[in-house]
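Spelled out, the chains give:
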Amino acid sequence: QDAQIACPLPDASAPALTTFYNGACPVCRAEMTSYRRQAAAKGLPLAFRDVAEDGTEAAALGITADQALRRLHAQDAAGRLYVGFDAMLAVWRQVPRARWLGWLFGLPLVRPVSAWLYEHVVSWSLYRWARRRQRRAAAG
């Protein structure tokens, strides 16, 4: 007798994509705020969580505080987790005015270079900048 494994169906009330971003980074915060506004204006089921403010939901997914601050993370309604550049592509592909970015940077010859730049230049630089800002704010 074969055992059957129950696979949960996607929650119809769940957002199509939940994005976890570093709100301590002014660039990240501004970009995600723009995408949130665009999504809200179109009535899109997208959620944006500032992990610098509250990382509880990200932690429940197994994302450490440092990982959440270093790289963009996103989870789709089916439960797939996207990290770094893949998360950025997932966001762009959901937001109407940014879909062309998802298409362009997702092209087979463009994507590997873009992913490398995101990982080694963009996310690294923004993370360092945000950490420096946090240390200054804490020092008062």
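Residues numbered from 1 in each chain as written. Predicted model: local features only at pLDDT ≥ 70, side-chain atom pairs only at ≥ 80, totals over all residues. Heavy atoms only, no water.

A.B. asks: Residues and numbers for the pairing of strand E1 (residues 17-21), please.
C.D. replies: The element E1 is largely enclosed, with a buried count of five among its five residues. Side chains Leu 17, Thr 19 and Tyr 21 of E1 all project onto a buried face; the interleaved residues Thr 18 and Phe 20 project onto the opposite face, where all are buried too. In the sheet, E1 pairs with strand E2 (residues 46-50) via five bridges, with the strands oriented parallel. Across the sheet, residue Leu 17 finds its bridge partner in E2, namely Leu 46. In this fold, E1 hands off to helix H1 (residues 26-42), which returns the chain to E2; that crossover is right-handed. Both E1 and strand E3 (residues 73-76) contribute to a ladder of four bridges, which runs antiparallel. Residue pairing in the sheet places Thr 18 in a bridge with Gln 75 of E3. (Buried < 20%, exposed > 50% of the residue type's maximum accessible area, 1.4 Å probe, protein only. Helix = DSSP H or I, 4+ residues; strand = E, 2+ residues; numbered from the N terminus. Pairing = 2+ DSSP bridges. Right-handed = clockwise from strand over helix to strand, strands pointing away.)

A.B. asks: Tell me what's going on with the pattern of salt bridges, and back it up with residues and numbers.
C.D. replies: Per the counting criterion, the structure on display carries five salt bridges. Here Glu 57 makes a salt bridge to Arg 49, at a shortest N to O gap of 2.6 Å. Looking at Glu 57, the relative accessible area reads 36%, which means it is partly exposed. Residue classification places Arg 49 among the partly exposed positions, given a relative accessible area of 31%. With a closest N to O distance of 2.8 Å, Arg 80 and Asp 76 form a salt bridge. Relative accessible area serves as the criterion here: at 11%, Asp 76 is assigned to the buried category. (Salt bridge = Lys/Arg side-chain N within 4 Å of Asp/Glu carboxyl O.)

A.B. asks: Tell me about the packing of helix H4 (residues 85-94) against helix H6 (residues 111-139), residues and numbers included.
C.D. replies: Direction vectors running N to C along H4 and H6 enclose 115°, while the axes themselves pass 9 Å from each other. As summarised for this structure, H4 and H6 are arranged roughly perpendicular, according to the angle between their axes. Counting all contacts with H4, which are made through Phe 85, Asp 86 and Leu 89, the residues of H6 involved are Arg 111, Ser 114, Ala 115 and Tyr 118. Partitioning the contact of H4 with H6 into residue classes produces four nonpolar, one polar and two charged. (Axes fitted to C-alpha atoms, helices over the stretch in contact; angles between N-to-C directions. Parallel < 35°, antiparallel > 145°, perpendicular 65-115°, else oblique. Contact = heavy atoms within 4.5 Å. Nonpolar A, V, L, I, M, F, W, Y, C, P; charged D, E, K, R; others polar.)

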